[in-house]
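If you want the building blocks of each chain, they are given just below.
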Amino acid sequence: MNIHLPGADVTERTLAIVGELKGLEGPLLPILHEIQDEFGYVPQECLPVIARELNLSRAEVYGVVTFYHDFREHPAGRHVLKLCRAEACQSMGGDRLAERAKALLGIDFHETTPDGAVTLEPVYCLGLCSCSPSAMLDGEVHARLDEAEIEALVAEARR
């Protein structure tokens, strides 16, 4: 989504999300997921608000955000291409496909193309080991990839 809002709006929306979810058992992860769904990433200005509302330290909240690879500290591109880096995919040519995707996009993992179109991320298993190598583009999985298919995925993300 990557909505850029003034700080007051981020704080206000964060308070609303925390208010909706803090009654859950173990509310931190659902709150962080909802914030990322709302903003496209977890803005730094959310962390002290979450910490205060959940009676946690900012370090605890920041530790969770940085521990889980799915949470972003910066906005992602309009499209997110995740390439499986697990052993099954690597054994079936995943490394070669990853290098091809990087070359086509001109970026490395955890980077976004200069035009903001695509963010490339590694993922350490999509659960498609029998159909490797695999990738996910904007939440849609693609399996048994070859070079032509990775090129098509990159072209689709570039549109």
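No experiment lies behind these values; they were computed from the predicted model shown. Each residue is numbered by its place in its chain's sequence as written, counting from 1. Given that the model is predicted, a residue must reach a pLDDT of at least 70 before its local features are reported, and side-chain atom pairs must reach 80 or more before they are shown or counted; all residues, however, enter totals for whole chains, interfaces and linings. Side-chain figures throughout are based on the complete set of non-hydrogen atoms in the structure, without hydrogens or water.

## Description of helix α2 (residues 28–39)
Point 1. Compared with the 16 Å implied by 1.5 Å per residue over 12 residues, the 16 Å span of α2 between its first and last C-alpha is a close match.
Point 2. Three exposure classes are used, based on accessible area relative to the maximum for each residue type with a 1.4 Å probe and protein chains only: buried under 20%, partly exposed in between, and exposed over 50%. Here a helix means four or more residues in a row that DSSP labels H or I, a strand means two or more in a row labelled E, and each is numbered from the N terminus. Among the residues of α2, those classed as buried are Leu28, Ile31, Leu32, Ile35, Gln36, Glu38 and Phe39. Here the buried residues of α2 occupy an arc of 160° about the axis, which is enough to place them on one side.
Point 3. Remark: Gly40 follows α2 within two positions and exhibits a positive phi of approximately 90°. By this rule the span expected of a helix is its residue count minus one, scaled by 1.5 Å. This arc is taken over the directions from the axis of the helix to the C-beta atoms.

## A word on the side chain of Lys82
Point 1. Within the secondary structure layout, Lys82 lies in strand β1 (residues 79–84).
Point 2. Here a polar contact is recorded for every N or O atom pair within 3.5 Å, except that within protein the pair must consist of a potential hydrogen donor and a potential acceptor, and residues adjacent in sequence are included only if both atoms are side-chain atoms. A polar side-chain atom of Lys82 sits 2.9 Å from a polar atom in the side chain of Asp70.
Point 3. Apart from the residues lying within four places of it in its own chain, the contact partners of Lys82 are Asp70, Glu121, Val123, Ala135 and Met136. For this analysis, residues touch if any pair of their heavy atoms sits within 4.5 Å.

## Examining the pairing of strand β3 (residues 118–123)
Point 1. Buried residues dominate β3, accounting for 6 of its 6 residues.
Point 2. Only strands that DSSP links by at least two bridges are regarded as paired with each other. Relative to β3, β1 runs parallel, the two sharing 6 bridges. Bridge pairing links Lys82 to Glu121 in β3.
Point 3. One ladder, built from 2 bridges, connects strand β2 (residues 111–112) with β3; its direction is antiparallel. Each residue of the ladder has a partner; that of Thr112, found in β3, is Thr119.
Point 4. The hairpin turn running from β2 into β3, its antiparallel successor, is 5 residues long, and Gly116 in that turn takes a positive phi close to 75°.

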